[in-house]
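Here is how the chains run, residue by residue.
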Amino acid sequence: MEDLKALLTSLARSAVRLDIGTGEGPEIGQFGGMPDLPEGFAWPHFVTDTYLDDEVKPRPLAFLCQFDCAALAALDGDGLLPREGVLSFFYELGSQRWGYAPQDAGCARVYWFSEKGALRLADFPETLEEEFRLPALPIRGRMERRFPGYDDAGVAAGKAEGELNWKAFETAYSMTAGKQETDWPAHRLLGWPDIIQSNMTVECELVSRGYNLGGGQKIPKEQIREAEETSLENWRLLLQLDTIQQGRFSLDFGDCGRVYFYIRTEDLAARRFDRVWLVLQCG
């Protein structure tokens with residue numbers, strides 16, 4: 001028990017809880033609407049079919065959200081994000097790729113524009129379908145301290161999936177983290193994810209090495225073992241988005257799922273946001 005408490009304490013991370021459309025705290029960004037982009041920006045596209053259209057062709061990504069990094073600075077307790085500029089997130093909503101395969105690269109994009117004053121309100125590309133032109137909603141933020149859930153803690157403890165004693169973890173978590181906010185929907189920057197299925201850092205590491213986790217490909221045991229030993233330190237959550245509802249508008253990821261933007265620790269420090277990896281999980 002004491003070992004579990006010490007482990008959880010050592011893994012605590014600062015996070016920014018996000019309220020989209022309503023909520024408390026300072027306004028730090030915008031969901032949907034038209035983005036602020038530099039002149040000459042090439043809108044990202046992803047070559048794919050969709051759930052409703054079998055034609056494989058380049059499709060414009062939907063603009064999800066953007067954050068004012070200067071406004072975020074006071075809430076970023078671990079000082080991981082840029083202190084200036086705008087951080088923008090895009091995702092192809094027609095196919096909603098899961099991130100299981102290397103071929104999913106490019107279905108989501110993140111851009112950091114370091115000079116906010118050089119940005120201008122941009123219009124959508126003509127080929128972006130109307131349903132993917134999301135309504136503009138304010139994003140407000142609150143600082144919080146997060147601890148890893150059961151699956152991430154199991155990886156940190158060097159346990160195989162499901163091997164960590166659940167009852168012991170629950171007790172240690174309650175004693176260490178106290179009552180963590182779990183209200184739906186759960187949107188956040190940084191911290192630890194609210195996992196629906198299982199740990200995602202091992203998945204990110206293996207897919208980045210070229211393995212397809214959704215196609216029955218046999219992965220060498222030594223590769224899995226190495227990913228389990230290093231991925232939790234090497235990858236971290238950048239953004240988690242849950243179902244978004246505001247009035248008559250609703251955006252779901254899969255079946256009441258979430259999307260998670262992950263980034264390598266070294267890439268975050270170097271501001272290489274072009275190397276993010278997206279994972280979609282749902283029940």
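The structure contained in this document is the topic of the report that follows. The numbers attached to residues start from 1 for each chain and follow its sequence in the written order. Local features in a predicted model are, by the rule used here, given only for residues with pLDDT of at least 70; side-chain atom pairs are given and counted only at 80 or more, and totals for whole chains, interfaces and linings are based on all residues. Note: side-chain values were computed over all heavy atoms of the structure, leaving out hydrogens and water.

### Concerning the nonpolar core
By size, the foremost hydrophobic cluster in this structure holds 54 residues, and its most contacted members are Phe31, Phe67, Phe89, Tyr91, Leu238 and Phe261. Ranked by size, the runner-up nonpolar core spans 16 residues in total, among them Phe147, Ala153, Tyr173 and Trp192. We define a nonpolar core as any set of buried Ala, Val, Leu, Ile, Met, Phe, Trp, Tyr and Cys residues linked to one another through side-chain atoms lying within 4.5 Å. Throughout this description, buried means an accessible area under 20% of the type-specific maximum (1.4 Å probe, protein chains only), exposed means over 50%, and partly exposed covers the range between.

### What to know about the packing of helix α5 (residues 201-208) against helix α6 (residues 221-234)
Structural elements are reduced to axes, namely lines fitted to C-alpha atoms, with helices fitted over the stretch in contact, and the angle between N-to-C directions of any two is expressed from 0 to 180 degrees. Each helix corresponds to a stretch of at least 4 residues labelled H or I by DSSP, and each strand to a stretch of at least 2 residues labelled E; elements are numbered beginning at the N terminus. Interaxial distance between α5 and α6 falls to 8 Å at its minimum, and their mutual angle equals 125°. Here α6 runs oblique to α5, going by the angle between their axes. As for the relative orientation of α5 and α6, their crossing is right-handed in sense. Residue-level inspection shows Thr201, Val202, Glu205 and Leu206 of α5 in contact with α6, the latter providing Gln223, Ile224, Ala227, Glu228, Ser231 and Leu232. Note that Gly is not counted as nonpolar here; it falls among the polar residues with everything else outside the nonpolar set of Ala, Val, Leu, Ile, Met, Phe, Trp, Tyr, Cys and Pro and the charged set of Asp, Glu, Lys and Arg. Each residue belonging to the contact of α5 with α6 can be placed in one class, and the counts come to five nonpolar, three polar and two charged. With respect to orientation, any angle under 35 degrees is reported as roughly parallel, any angle over 145 as roughly antiparallel, any angle of 65 to 115 as roughly perpendicular, and every other angle as oblique. Note on convention: the crossing is left-handed when the near helix lies turned anticlockwise from the far helix by less than a right angle, right-handed when the turn is clockwise. Should any heavy atoms of two residues lie within 4.5 Å, those residues are counted as being in contact.

### Comments concerning the layout of surface pockets
The volume enclosed by the largest pocket comes to roughly 470 Å³. Here a cavity means grid points, on a 1 Å grid over the protein atoms only, where a 1.4 Å probe fits yet cannot get out; a pocket means an open set of points with protein on both sides within 12 Å along at least five of seven lines; lining residues are those with an atom within 4 Å of a point. Lining the largest pocket are 21 residues, and of these Val155, Glu161, Asn199, Val202 and Glu228 sit closest to its centre. Listed by contribution, the elements that provide at least two residues to the lining of the largest pocket are α3 (150-156), α5 and α6. Grid points are joined across faces, edges and corners, and a volume is the space filled by probe spheres set on the points.

### Regarding unusual backbone geometry
Trans is the prevailing form of peptide bonds, just as negative phi is the prevailing case for residues other than glycine. In this structure, Gln96 takes a positive phi of about 45° despite not being glycine. You can see Gln96 is positioned in the loop between β7 (86-91) and β8 (108-113). Under the relative-accessibility criterion, Gln96 is labelled buried at 11%. A positive phi angle, near 65°, is found at Leu190, a position not held by glycine.

### Considerations on the pattern of salt bridges
A pair is scored as a salt bridge if a Lys or Arg side-chain nitrogen falls within 4 Å of a carboxyl oxygen belonging to Asp or Glu. This structure, assessed with the given rule, holds 18 salt bridges. Arg272 serves as the salt-bridge partner of Asp267, at 2.6 Å between the closest nitrogen and oxygen. Asp267 is paired through a salt bridge with Arg275; the nearest N and O atoms lie 3.5 Å apart. Through salt bridges that share partners, Glu144, Arg146, Arg188 and Asp194 make up one connected network.

### Describing the pairing of strand β10 (residues 137-146)
Here a strand pair is declared whenever DSSP counts at least two bridges between the two strands. Bridge count between strand β1 (residues 13-20) and β10: eight bridges; the pairing is antiparallel. Each bridged residue has a counterpart across the sheet, and for Arg17 the counterpart in β10 is Arg142. Note: strand β2 (residues 27-31) against β10, four bridges, orientation antiparallel. If you follow Phe31 over to β10, its bridge partner there is Leu137.

### Describing the sheet that holds β1
On the basis of which strands lie adjacent, the open sheet formed by 10 strands has the order β8-β7-β6-β2-β10-β1-β11-β12-β15-β16 and antiparallel pairing. Edge strands, defined here as strands with exactly one partner in the open sheet, are β8 and β16 (277-281). Neighbour-to-neighbour, the strand axes of this sheet turn through a mean angle of 25°, independent of strand direction. In this structure, strand β11 (residues 187-190) lies alongside strand β12 (residues 235-241), joined through two bridges in antiparallel fashion. Counted as the bridge partner of Arg188 is Gln240 from β12. Here α6 sits on the sheet in contact with β1, β12 and β15 (258-264), set at roughly 60° to β12.

### Side note on the packing of aromatic side chains
Stacked, tilted and edge-to-face are the three classes assigned to paired rings of Phe, Tyr and Trp, where Trp is represented by its six-membered ring and a pair needs centres within 6.5 Å; plane angles under 30 degrees give stacked, over 60 edge-to-face, the rest tilted. Summed over all chains, the structure comprises 17 aromatic pairs. Centroid distance Phe41 to Tyr111: 5.0 Å. Interplanar angle 80°. Geometry classified as edge-to-face. Pair noted here: Phe41 is in the loop between β3 (36-38) and β4 (45-48) and Tyr111 is in strand β8, with a separation of 70 residues, a long-range link. An aromatic cluster of three or more residues is present, and its members are Phe41, Trp43, Phe63, Phe90, Tyr111, Phe113 and Phe124.

### Quick look at α6
Take the residue count of a helix, subtract one, and multiply by 1.5 Å to get its expected span. The end-to-end C-alpha distance of α6, which contains 14 residues, comes to 19 Å, matching closely the 20 Å that a straight helix rising 1.5 Å per residue would cover. In this scheme, the bend at a residue equals the angle between the axes fitted to the seven residues that finish there and the seven that begin there. Glu228 marks the point of greatest bend in α6, at about 35°. Of all the residues in α6, the buried ones are Gln223, Ala227, Ser231 and Leu232. Looking at the buried side of α6, the elements it contacts are β1, α3, α5 and β12.

### Some thoughts on the packing of helix α1 (residues 2-10) against helix α4 (residues 166-177)
Axis separation between α1 and α4 bottoms out at 9 Å; the angle between their running directions is 55°. Classified by the interaxial angle, the pair formed by α1 and α4 is oblique. Helix-helix and strand crossings are classified by hand; for α1 and α4 the assignment is right-handed. Of the residues in α4, those touching α1 at Leu4, Lys5, Leu8 and Thr9 are Ala168, Phe169, Ala172, Tyr173, Met175 and Thr176. Class assignment for the residues of the contact of α1 with α4 results in seven nonpolar, two polar and one charged.

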